[in-house]
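# Coordinate analysis (summary)
Residue strings, one per chain:
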Amino acid sequence: MARQVGRHRARRSIRSAVIRPAAMSVTAFGLVCGSAAVYQTATASHAHTPTVEAAVVVRPQLPVAPSLSPSTSPSAAVEQLSRSQVRPVLPVVPPAKAVTPSPTATPALAARPASPAQAQQMAQTMLSAYGWNQTQWPCLNKLWTQESSWMTTAENPSSGAYGIPQSLPASKMATVGADYRTNTRTQLTWGLQYVKDAYGSPCQAWDFHLAHNWY
């Protein structure tokens, strides 16, 4: 009986020696797991903590005209400009003002003098306007060839007679036109009228010139 009790106590001692370390191991493992869970919970709560960010001001962007390359076709350039909503600014043109001519405006430039050949042709075609036929032409041609060689700007240095008909003074021809110093037709018109009024015809004027060396 005493031997059985001793065996029973020995078994309990062995069992306690085996179970206690195991229990201690489980407890230690539980503590480790618990610490890990607490750490994960703290980390998770910290990860979900909201942070405050600086406010960002968003400004609207204006449309920018696209840059066009030299190879861009005109139709493509128009399409790009319409898409970018770029409207060109046109210059403001003021309305035109009506110009009122001044009464003291500068007169038109005088006609240029004709050549001697042109003056002769012009005078020959004007004979009929004074009632003369072409038989008067040789007399008129001799008369004014002797006086001025049919030069519009011919001037006598001693007397001051001027032009193809050698008007003395030259201002007498202003009754026909203010451009008498340069306009060949003005001089011919005055000269032919002078011959008609003073001598009746070019041949009678030439006869007087032969007799007096002037007319």
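Reading the values: the criteria
Residues numbered from 1 in each chain as written. Predicted model: local features only at pLDDT ≥ 70, side-chain atom pairs only at ≥ 80, totals over all residues. Heavy atoms only, no water. Helix = DSSP H or I, 4+ residues; strand = E, 2+ residues; numbered from the N terminus. Buried < 20%, exposed > 50% of the residue type's maximum accessible area, 1.4 Å probe, protein only. Contact = heavy atoms within 4.5 Å. Axes fitted to C-alpha atoms, helices over the stretch in contact; angles between N-to-C directions. Parallel < 35°, antiparallel > 145°, perpendicular 65-115°, else oblique. Left-handed = near helix turned anticlockwise from the far one by under 90°. Nonpolar A, V, L, I, M, F, W, Y, C, P; charged D, E, K, R; others polar. Disulfide = S-S within 2.5 Å. Phe/Tyr/Trp six-rings, centres within 6.5 Å; stacked < 30°, edge-to-face > 60°. Lys NZ or Arg CZ within 6 Å of the ring centre and 35° of its normal. Arc of directions from axis to C-beta. Polar contact = N/O pair within 3.5 Å; in protein donor to acceptor, adjacent residues only side chain to side chain.

Looking now at the overall build of the chain. A count of helical and extended segments in the chain gives six helices and zero strands. Secondary structure elements in the chain, listed N-terminal to C-terminal, are α-α-α-α-α-α. Taking all 215 residues of the chain together, 22% fall into the buried category. A separation threshold of at least 6 residues defines the contact pool for the chain, and within that pool the share at least 24 residues apart is 45%.

The geometry of helix α4 (residues 137–148) relative to helix α6 (residues 202–212) is characterised by a closest axis approach of 8 Å and an angle of 45 degrees between their N-to-C directions. Taken as axis vectors, α4 and α6 run oblique relative to one another. For the element pair α4 and α6, the recorded crossing hand is left-handed. Of the residues in α6, those touching α4 at Cys139, Leu140, Lys142, Leu143, Gln146 and Glu147 are Pro202, Cys203, Ala205, Trp206 and His209. A class-by-class count of the residues in the contact of α4 with α6 yields seven nonpolar, two polar and two charged.

So, about the state of the cysteines. Per the counting criterion, the structure on display carries one disulfide. What pairs with cysteine 139 in a disulfide is cysteine 203, and their sulfur atoms sit 2.2 Å apart. Because the sign of the S-S torsion sets the handedness, a value of about 85 degrees for the bond joining cysteine 139 and cysteine 203 places this disulfide among the right-handed ones. Taken together, the residues cysteine 139 in helix α4 and cysteine 203 in helix α6 connect sequence positions 64 residues apart. In this structure cysteine 139 comes out as buried when scored by relative accessible area, which is 14%.

A separate point is the packing of aromatic side chains. Counted by the stated rule, this structure contains nine aromatic pairs. Three or more aromatic residues joined by ring pairs form one cluster here, namely Trp190, Tyr194, Tyr199, Phe208, Trp214 and Tyr215. We note arginine 181 situated over the ring of tyrosine 162; from NZ or CZ to the ring centre the distance is 4.1 Å.

Within α6 the residues assigned to the buried category are Pro202, Cys203, Ala205, Trp206 and His209. For α6, the angular spread of buried residues about the axis comes to 155 degrees, placing them on one side. When the buried face of α6 is taken as reference, the exposed residues oriented beyond 90 degrees from it are Asp207 and Ala211. Downstream of α6 by one or two residues, asparagine 213 has phi in the positive range, about 65 degrees.

On to the side chain of glutamine 136. Mapped onto the fold, glutamine 136 is located in the loop between α3 (116–126) and α4. On the basis of relative accessible area, glutamine 136 is assigned to the buried category, the value being 14%. Polar contacts involving the side chain of glutamine 136 include one to the main-chain amide nitrogen of cysteine 203, which spans 3.0 Å. When neighbours within four sequence positions are excluded, glutamine 136 is seen to be in contact with Leu127, Ser201, Pro202 and Cys203.

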